[in-house]
Amino acid sequence: MKEKNIYKTIAKYQNIVIARHIGPDPDAVASQMALKDSIKLTFPKKNVLAAGIGVARFRYLGDLDKIDESSLEKPLLIVLDVPNISRIDGITFNKYDKVIKIDHHPFEDKMGLEMVDENASSASEIVARLIYKTRLKMNKEIASKLYIGIASDSDRFLVPTTTGKTLEVASKLINDYKLDLNEIYTKLYERPITDIRFQSFLTLNMTITENGFGYMKITSEMIKEYGVDPSTPSNLVNNFNYIKEIIAWAFITYDEKQEIYKVNIRSRGPVINEVASKYNGGGHKYASGARIKNEDDIDKLIYELDEICKIFMENKETILSE
Ligand code: AMP
């Protein structure tokens with residue numbers, strides 16, 4: 001059984017580094033920190049380190065570690081929530097004795113011992129199942145982090161990767177550890193009024209094509225005028241789900257610091273990750289991202305996304321919410 005193999009491998013190694021994808025979201029960080037805490041709770045003498053660059057708004061999930069890979073003897077790497085080696089944050093892949101991957105994205109690179117479930121809502125859901133099925137230990141804090149990962153990546157149990165299994169594991173976490181959902185949702189969803197004002201601006205100004213594709217190019221000036229952050233559109237993109245006139249949508253945001261356009265794409269029908277992967281991107285069938293350097297590619301991406309909406313509408317394929 002896969003879970004037992006993973007447990008045995010973790011038990012065998014003294015030095016363990018846990019990594020996740022660059023530009024992390026709550027699921028990436030929550031699954032990383034929850035697994036780190038669980039291994040430490042189960043094996044207090046192990047050296048367990050969390051890799052990657054920190055993001056201030058997820059600091060409440062736990063601290064990242066400074067890692068000197070060359071000083072670690074025969075380390076084990078556990079990679080969470082990322083299917084490709086090039087998007088793992090903060091590690092040198094070939095420095096590790098063994099690698100375990102735990103992920104819910106479509107399969108890309110073989111890394112080692114694989115635990116991939118494309119139908120899982122989140123990496124946190126898989127980690128929760130792993131802990132429940134093995135002798136890895138859990139406590140209220142770990143359960144709370146896992147719940148945060150599951151709730152956020154499933155967009156509060158709205159997206160189609162939410163299954164009976166997702167609800168079952170989420171309900172078990174709540175019951176077994178008496179989770180305080182009000183506290184959890186405050187951490188996850190409390191936001192400044194500027195974000196909501198900016199959301200209204202996007203709602204009023206986004207272009208919606210006759211094929212049901214909604215999009216908005218977000219400039220640095222717009223970001224500054226509303227006093228928000230270049231990462232704000234990615235926090236807002238899920239709120240544009242279940243709009244009758246829109247079957248796929250994208251926010252294309254210029255990030256001045258990195259001199260790149262960050263694209264968040266969502267869909268409730270057309271498969272978008274194949275288009276995203278042509279533009280330095282990828283992700284899930286209905287939730288993808290891309291990174292674009294030149295303006296021409298933005299227009300090409302918009303054209304291609306509109307085309308897949310057109311084909312989808314012409315074929316009268318089923319919209320996910322119907
Ligand atoms: P986001 O819109 O940033 O929330 O990302 C949605 C999904 O697409 C997540 O599963 C990300 O891991 C994935 N994703 C975002 N950007 C990229 C990228 N440049 N390359 C590959 N996958 C990405």
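Note: the structure precedes this text.
Below or above, wherever it landed, is the structure these notes cover.

Reading the values: rules and limits
Residues numbered from 1 in each chain as written. Predicted model: local features only at pLDDT ≥ 70, side-chain atom pairs only at ≥ 80, totals over all residues. Heavy atoms only, no water. Patch = residues over 30% accessible without salt bridge, like charges linked within 9 Å, V, L, I, M, F, W, Y side chains within 5 Å. Areas by Shrake-Rupley, 256 points an atom, 1.4 Å probe, with all protein chains shown as cover. Salt bridge = Lys/Arg side-chain N within 4 Å of Asp/Glu carboxyl O. Lys, Arg positive; Asp, Glu negative; His and termini not counted. Charge placed at Lys NZ, Arg CZ, Asp CG, Glu CD. Helix = DSSP H or I, 4+ residues; strand = E, 2+ residues; numbered from the N terminus. Pairing = 2+ DSSP bridges. Axes fitted to C-alpha atoms, helices over the stretch in contact; angles between N-to-C directions. Contact = heavy atoms within 4.5 Å. Core = buried A, V, L, I, M, F, W, Y, C linked by side-chain atoms within 4.5 Å. Buried < 20%, exposed > 50% of the residue type's maximum accessible area, 1.4 Å probe, protein only. Right-handed = clockwise from strand over helix to strand, strands pointing away.

1. Details of a positive patch on the surface
On the surface, a cluster of positive charge is made up of Lys2, Lys12, Lys98 and Lys110. Residue position: Lys110 is located in the loop between strand S4 (98-103) and strand S5 (113-116).

2. Quick notes on the sheet that holds S4
The strand order across the open sheet built from five strands is S2-S1-S3-S4-S5, with neighbouring strands paired in parallel fashion. The outermost strands of the open sheet, each flanked by one partner alone, are strand S2 (47-50) and S5. The average angle at which neighbouring strand axes cross in this sheet is 15 degrees, direction not considered. Two strands pair when backbone bridges link them, and strand S1 (residues 15-20) and strand S3 (residues 76-80) are joined in this way by five bridges, in the parallel orientation. Looking at S3, one finds that Val17 is bridged to Leu77. Sheet contacts for helix H2 (residues 26-42): S1, S2, S3 and S4; angle to S1, the most-contacted strand, approximately 165 degrees. Against the sheet, helix H3 (residues 123-133) engages S3, S4 and S5, with an angle of about 115 degrees to S4.

3. As for the sheet that holds strand S10 (residues 282-283)
Remark on secondary structure: sheet strands pair via backbone hydrogen bonds, oriented parallel or antiparallel. If you walk across this open sheet you meet the six strands as S6-S7-S8-S9-S11-S10, and the pairing is mixed. Either end of the sheet is taken by a strand with one partner, and the two such strands are strand S6 (207-208) and S10. Where helix H7 (residues 193-205) meets the sheet, it contacts S6, strand S7 (213-218) and strand S8 (248-255), and its direction lies at approximately 125 degrees from that of S7. The strands touched by helix H11 (residues 295-314) are S7, S8, strand S9 (260-267) and strand S11 (287-292); relative to S7, the strand with the most contacts, the crossing angle is about 165 degrees.

4. Looking at the nonpolar core
Membership of the largest hydrophobic core comes to 44 residues, with the highest contact counts inside it found for Leu35, Ile39, Ile78 and Ile102. For this core, the element with the most residues is helix H4 (residues 140-153), which contributes seven residues. Counting residues in hydrophobic clusters, the runner-up holds 21 residues, among them Phe213, Val263, Ala290 and Leu305.

5. Concerning the pairing of S1
Extensive coverage of S1 is indicated by the burial of six of its six residues. Because side chains alternate across S1, one face comprises the buried residues Asn15, Val17 and Ala19, and the other comprises Ile16, Ile18 and Arg20, equally buried. Here four bridges tie S1 to S2, and the two strands are oriented parallel to one another. Note that in S2 the partner of Asn15 across the bridge is Asn47. The parallel pair S1 and S2, bridged by H2, forms a crossover whose chirality is right-handed.

6. Thoughts on the pairing of S3
Across the five residues that make up S3, a large majority, five, are buried. Neither face of S3 is open: one carries Leu76, Ile78 and Leu80, the other Leu77 and Val79, and all of them are buried. Here S3 pairs with S4 via five bridges, running parallel. Bridge assignment links Ile78 to a residue of S4, and that residue is Ile100.

7. With respect to the environment of Leu76
Secondary-structure assignment places Leu76 in strand S3. What makes Leu76 buried here is its relative accessible area of 0%. Counting along the chain gives 73 residues from Leu76 to Gly149, while the straight-line C-alpha distance between them is 23 Å.

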